[in-house]
Amino acid sequence: MDWVKLLQRAIDYMESHLLEKINYEDAAKEVNMSSYNFHRIFSLMAGMTANEYICNRRLSLAGQELQMTDSKIIDIAYKYGYETPESFAKAFSRFHGVSPRSARKKGTQLCLFNPLVIKIIFGRWKNYEL
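Residues numbered from 1 in each chain as written. Predicted model: local features only at pLDDT ≥ 70, side-chain atom pairs only at ≥ 80, totals over all residues. Heavy atoms only, no water.

Asks: Please clarify how the pattern of salt bridges should be interpreted in this entry.
Replies: Proximity of charged atoms lets side chains of opposite charge pair with each other. Scanning the model with the defined rule gives 2 salt bridges in all. Of the charged contacts in the structure, one is a salt bridge between Arg 57 and Glu 15, with a shortest N-O distance of 2.7 Å. Here the residue Arg 57 occupies a position in helix 4 (residues 50-68), and Glu 15 occupies one in helix 1 (residues 3-16), the gap between them amounting to 42 residues. Among the residues examined, Arg 57 registers a relative accessible area of 6% and is labelled buried. Across the salt bridge formed by Lys 79 and Glu 65, the nearest N and O atoms sit 2.9 Å from each other. Placement of Lys 79 in helix 5 (residues 73-79) and of Glu 65 in helix 4 is noted, with a sequence separation of 14 residues between them. Relative accessible area serves as the criterion here: at 34%, Lys 79 is assigned to the partly exposed category. (Salt bridge = Lys/Arg side-chain N within 4 Å of Asp/Glu carboxyl O. Helix = DSSP H or I, 4+ residues; strand = E, 2+ residues; numbered from the N terminus. Buried < 20%, exposed > 50% of the residue type's maximum accessible area, 1.4 Å probe, protein only.)

Asks: Please explain the packing of helix 1 against helix 3 (residues 35-46) as it appears in this structure.
Replies: Angle between the axes and distance between the axes are the two parameters that describe a pair of packed helices. The contact between helix 1 and helix 3 brings their axes to 11 Å, and the two run at 95°. As judged from the angle between their axes, helix 1 and helix 3 are roughly perpendicular. Packed against helix 1, whose contacting residues are Trp 3, Val 4, Leu 7, Ala 10, Ile 11 and Met 14, the element helix 3 presents Phe 38, Ile 41, Phe 42 and Met 45 at the interface. Among the residues making up the contact of helix 1 with helix 3, the classes are represented as 10 nonpolar, no polar and no charged. (Axes fitted to C-alpha atoms, helices over the stretch in contact; angles between N-to-C directions. Parallel < 35°, antiparallel > 145°, perpendicular 65-115°, else oblique. Contact = heavy atoms within 4.5 Å. Nonpolar A, V, L, I, M, F, W, Y, C, P; charged D, E, K, R; others polar.)

Asks: What's the story with the nonpolar core in this structure? I'm lost.
Replies: Nonpolar side chains in soluble globular proteins tend to be buried together. The biggest cluster of nonpolar side chains holds 35 residues, and the ones touching the most others in it are Met 14, Phe 38, Phe 42, Tyr 53, Leu 59 and Phe 88. The set of elements that each furnish at least two residues to this core consists of helix 1, helix 2 (24-30), helix 3, helix 4, helix 5 and helix 6 (85-96). (Core = buried A, V, L, I, M, F, W, Y, C linked by side-chain atoms within 4.5 Å.)

Asks: Would you mind going over the packing of helix 4 against helix 6 with me for this structure?
Replies: Contact geometry for helix 4 and helix 6: axes closest at 10 Å, N-to-C directions at 95°. Classed by the angle they form, the pair helix 4 and helix 6 counts as roughly perpendicular. Contacts between helix 4 and helix 6 involve Asn 56, Leu 59, Ser 60, Ala 62, Gly 63 and Leu 66 from the first element and Phe 88, Ala 91, Phe 92, Phe 95 and His 96 from the second. Counted by class, the contact of helix 4 with helix 6 contains 7 nonpolar, 4 polar and no charged residues.

Asks: Explain the side chain of Arg 58 here, please?
Replies: Mapped onto the elements of the fold, Arg 58 is located in helix 4. Here Arg 58 occupies a buried position and makes no salt bridge, while the nearest side chain of opposite charge, Asp 26, is found at 7.7 Å. Every residue in contact with Arg 58, bar those within four places of it in the chain, is listed here: His 17, Leu 18, Glu 20, Lys 21, Ile 22 and Tyr 80. (Lys, Arg positive; Asp, Glu negative; His and termini not counted.)

Asks: Looking at this model, I keep getting lost on the packing of aromatic side chains. Mind explaining?
Replies: For any pair of aromatic rings, the description consists of the separation of the ring centres together with the inter-plane angle of the planes. Tallied over the entire structure, the rule returns 5 aromatic pairs. One aromatic cluster in this structure is built from Phe 38, Phe 42, Tyr 53 and Phe 113. (Phe/Tyr/Trp six-rings, centres within 6.5 Å; stacked < 30°, edge-to-face > 60°.)

Asks: I would appreciate a short explanation of the environment of Ile 22 in the present structure.
Replies: Locating Ile 22 in the fold gives a position in the loop between helix 1 and helix 2. Apart from residues no more than four positions distant in its own chain, Ile 22 is found in contact with Tyr 13, Met 14, His 17, Ile 54 and Arg 58.

Asks: What should I look at first to understand helix 1 in this one?
Replies: The periodicity of an α-helix, 3.6 residues per turn, causes residues three or four positions apart to be oriented the same way. A rise of 1.5 Å per residue sets the reference length of helix 1, with its 14 residues, at 20 Å; its end C-alpha atoms lie 20 Å apart and thus fit the reference within 8%. Residues of helix 1 that are buried include every one of Leu 6, Leu 7, Gln 8, Ala 10, Ile 11, Tyr 13 and Met 14, and no others. Contact partners of the buried residues in helix 1: helix 2, helix 3 and helix 4. (Expected span 1.5 Å × (residues − 1).)

Here it is, written out as structure tokens:
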């Protein structure tokens, strides 16, 4: 199995376990890689660490849930793995640029972080003259 398929399988694993307590080491085990090599390869291919990916996905989903439901902010914070509402509010504000309470206001723009899809495209190099 090649690296691209392994990484996509790890991403799929992370996506299906976002509401659980997971980290990059769990994803590495899922694809039978050492934590060290997985961390290095994922960071190189995705441009971020796997833990950053998990955090960004959770915050993106939490933002969508805040805007589309009437669930309490504290319940959403716990659902997405934050131990305190304060830690959730701080991370949420850093990611989205607004507080969780402000995110509820109609028309508030939030950051959307979709699931990654790893693709490598091989092609021919072309020389262009300017």
